[in-house]
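These are the residues of each chain, in order.
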Amino acid sequence: MDRFGKHSKSGFVRTRIPRPQVALQPIQSSGYADVCSIRNCPCKMSRFARKCSLEPLQSERRHSRSDSAGNLSMDTFWLEVESIKESTESEPEECSFTDVKPQEEGEAEAEWLQDAGLSDLIADCATENGNIVLLSTLTKTQAAAVQRRLDTYTRSRRKKNKQPVRDVRDIFGVVGSGETAPELASEIDRLQHRSTSSNNNQKSDTTGVPDFPSPLRGSGQEEIFSTEIAYSEQAAILLKGSFPRESRRIKDESSLTKFKIPKGRLGVTRIGDLSPQDMKKIPTLAFIELTALCDVLGLELKRNKAVKWKATENRLFGVPLATLLENDQKLFPNTKVPLILQALLSCLEKKGLDTEGILRVSGSQTRIKSLERRLESTFYSGIFQWDEVHQNDVSGLLKRFIRELPAPLLTAEYLPAFAAVQNIPDLKQRLQALNLLILILPEPNRNTLKALLEFLRLVASREKKNKMSLWNVSTVIAPNLFMHKGLRNKIPEGKEKQLAEGAADIVRMMIHYQDLLWTISSFLVTQVRKLNESSSRKYQFYDRRIKNLLRKIHTDKEKTEKNHAEPSKVVKVQASLFLKDSLEVHLNNGTKAADVLRQFQKHLCQNGWSIVNTVNLIKCGGSVDSMNLLLYEVGGNINEHCLDPDTYLLDLYHVNPHAEWIIRQNPSFPRKL
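Residues numbered from 1 in each chain as written. Predicted model: local features only at pLDDT ≥ 70, side-chain atom pairs only at ≥ 80, totals over all residues. Heavy atoms only, no water.

Draft legend 1. Region of the structure containing the overall build of the protein chain. Within the protein chain, the regular secondary structure consists of 26 helices and eleven strands. Counting over 673 residues, the protein chain shows a buried share of 56%. Total accessible area on the protein chain stands at roughly 29600 Å², and carbon and sulfur atoms take up 49% of it. (Helix = DSSP H or I, 4+ residues; strand = E, 2+ residues; numbered from the N terminus. Buried < 20%, exposed > 50% of the residue type's maximum accessible area, 1.4 Å probe, protein only. Areas by Shrake-Rupley, 256 points an atom, 1.4 Å probe, with all protein chains shown as cover.)

Structure follows, in structure tokens:
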């Protein structure tokens with residue numbers, strides 16, 4: 001897959017969105033962020049940079065010299081903070097310091113329900129809505145998270161002597177606070193039991209791997225990262241078992257834990273494998289699951305309000321990501337990552353990867369600002385000469401591009417949540433939280449972040465030549481991602497070093513584990529299927545009909561389960577771009593998607609390539625390269641799904657018997673005549 005925006009099976013393209021100054025926030029910080037300018041602003045937004053730049057720099061160097069495990073120094077972090085301060089010191093901006101009143105009880109819960117797509121639960125009147133459909137797909141921990149916020153909202157309304165227009169207890173039939181309605185609870189129990197049974201039946205390709213491996217881990221061992229069961233459910237099970245917990249702060253890069261996602265019978269789904277229609281459902285489900293996971297772990301999930309900035313006349317730097325993409329797509333319709341970012345990364349890949357201290361050693365601030373002005377005026381004309389630019393100036397401009405975006409790349413709303421991940425003691429659960437946060441990000445932010453992380457991994461892979469280890473790269477980039485001039489900073493006294501190390505560790509995890517983080521958990525895909533199935537029935541949301549609704553869902557699911565007894569099946573696979581007729585395939589318990597693609601390849605060769613459109617077929621030494629072909633599941637309970645080559649198709653047929661299967665060319669491979 002092309003890192004710059006051509007579709008690929010892993011499905012990403014470059015895109016991005018931050019702007020720098022101060023945003024390392026501890027999880028305990030409360031309220032919404034204030035908006036302010038830079039260091040000369042009376043609101044003292046740069047207090048963190050001033051305080052942390054000199055004193056911690058000296059003390060940190062003392063600590064780092066005595067840091068035995070790998071000598072992972074934080075010097076680079078504080079030097080980068082100083083560099084950011086110096087680069088912005090001469091750029092005055094108007095201070096738009098906003099005072100935000102603290103939220104009253106119930107307001108945060110109402111916002112949460114709105115973001116979770118459940119606002120109609122507290123609306124003035126019942127409407128035809130998909131709320132009951134969404135609720136019927138939730139796990140126990142997810143339903144408990146919803147119930148907890150509904151209860152808090154209801155209590156707040158009653159304290160104000162304002163009878164809620166729709167009583168929560170009328171919706172869920174709750175007897176006491178925190179107790180879920182019997183109908184919903186029993187339905188979730190049944191779904192959970194079925195999900196567990198299904199997981200046991202659909203054994204993963206990793207033999208001997210339990211569903212919930214023990215949290216006791218040895219360094220250097222490969223561990224299982226299960227995605228079949230919701231993360232919050234896994235956490236609840238571990239909590240009930242009172243397993244000993246260990247807080248692992250990786251101080252030696254050679255001991256970074258290896259994680260493996262066991263491929264179930266339905267394979268692994270990666271970001272980009274689902275259609276845009278189905279991907280729109282993922283952030284809401286991931287948001288509910290993240291909340292449930294934080295509830296189980298005892299963490300408070302807080303978010304900022306979006307930062308608003310005045311429009312700029314610039315065309316490249318300090319421009320909202322959406323605006324950049326809108327302009328770029330007028331030139332190249334399929335652009336997913338800003339062209340300027342693509343150009344910066346490409347330039348560095350060509351002549352900067354082996355430069356010692358790349359990213360860490362800043363170029364001349366005068367040259368960087370001059371370079372920015374030249375790009376603003378000549379970039380889209382195509383006459384800019386990248387060969388004449390020094391690589392250190394380009395790396396400085398790359399970091400400046402990140403900082404100058406009007407909102408953080410990790411978004412203003414979820415930047416505190418990313419920072420709070422460091423407070424989760426268990427490494428696997430930190431990765432689970434990061435995986436959910438990445439799924440919540442808007443697509444442009446997520447694509448841009450992936451493009452950046454792939455480049456950073458490439459830099460770290462050349463450590464022998466450029467002297468930039470994974471930790472060095474992480475400490476340089478962390479301030480550029482977590483410091484933002486639009487967010488007020490509240491750093492508790494004496495916590496600077498801890499938060500800085502935590503931010504760098506989060507960046508390191510995102511770089512090192514990016515392949516794992518860019519997957520869509522199987523339990524989320526299952527929930528999307530359930531949403532699609534239930535939405536097609538067009539249920540109406542009437543309080544008195546919940547029992548009948550859940551009973552009907554139960555009956556319909558039992559009908560589907562009867563299909564699972566079929567030991568084999570004959571299906572037709574469409575390949576209209578290549579063949580006039582469909583390909584008949586016999587499925588058994590061992591048939592995988594890769595087997596069908598090989599059978600299709602063999603069929604083409606044996607039949608003299610009776611092809612409708614030969615332009616779309618890649619010839620490789622007189623044969624068809626099956627690596628250039630992909631099998632898609634289309635329709636039924638999914639809109640479109642690019643299948644993992646290791647997907648067992650008979651199992652998939654049982655899950656989605658009404659889907660069509662279509663063979664297409666891999667869009668990441670160029671067409672050859």
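Having seen it, we continue.
Draft legend 2. The arrangement of the side chain of T141 in detail. Here T141 shows up in helix α6 (residues 140-159). The exposure class of T141 is buried, given its relative accessible area of 12%. For T141, the residues in contact, after removing those within four places along its chain, are S232, E233, A236, A292 and V296. (Contact = heavy atoms within 4.5 Å.)

Draft legend 3. Quick peek at the environment of R400. If you trace the backbone, R400 turns up in helix α15 (residues 391-404). On the basis of relative accessibility, which here comes to 6%, the residue R400 falls in the buried class. When the C-alpha positions of R400 and E372 are compared, they lie 9.4 Å apart, and in sequence the two are 28 residues distant.

Draft legend 4. Just the pairing of strand β9 (residues 629-635), in detail. β9 sits mainly inside the fold: six of its seven residues count as buried. With six bridges connecting them, β9 and strand β11 (residues 660-665) associate as antiparallel partners. Within β11, the position partnered with L630 by the bridge is R664. Sheet analysis places β9 next to strand β10 (residues 638-642), joined by four bridges and oriented antiparallel. Bridging from a neighbouring strand, V634 pairs with E640 of β10. Adjacent in sequence and paired antiparallel, β9 and β10 are bridged by two residues, among which G636 carries a positive phi angle near 75°. (Pairing = 2+ DSSP bridges.)

Draft legend 5. How the structure looks around the sheet that holds strand β6 (residues 583-587). Strand order across the open sheet formed by five strands is β6-β5-β11-β9-β10, with mixed pairing between neighbours. Both outer strands of the open sheet, β6 and β10, are each paired with one neighbouring strand and no more. Each strand axis lies, on average, 30° off the axis of its neighbour in the sheet, ignoring direction. Here strand β5 (residues 569-574) runs beside β11; their pairing, made up of two bridges, is parallel. Its bridge partner being in β11, Q574 is matched across the sheet by I662. Along the sheet, helix α23 (residues 522-535) makes contact with β9 and β10, crossing β10 at roughly 150°. (Axes fitted to C-alpha atoms, helices over the stretch in contact; angles between N-to-C directions.)

Draft legend 6. Inspection of the packing of helix α13 (residues 339-351) against α15 at higher detail. The N-to-C vectors of α13 and α15 enclose an angle of 150°; their axes lie 10 Å apart at closest approach. If you check the angle between α13 and α15, you find them roughly antiparallel. Like other packed secondary-structure pairs, α13 and α15 cross with a definite hand, here left-handed. Contact with α13, carried on its side by I340, L341, L344, L345, C347, L348 and K351, involves Q391, V394, S395, L397, L398 and F401 of α15 and no other residues of that element. Taken together, the residues of the contact of α13 with α15 break down into ten nonpolar, two polar and one charged. (Parallel < 35°, antiparallel > 145°, perpendicular 65-115°, else oblique. Left-handed = near helix turned anticlockwise from the far one by under 90°. Nonpolar A, V, L, I, M, F, W, Y, C, P; charged D, E, K, R; others polar.)

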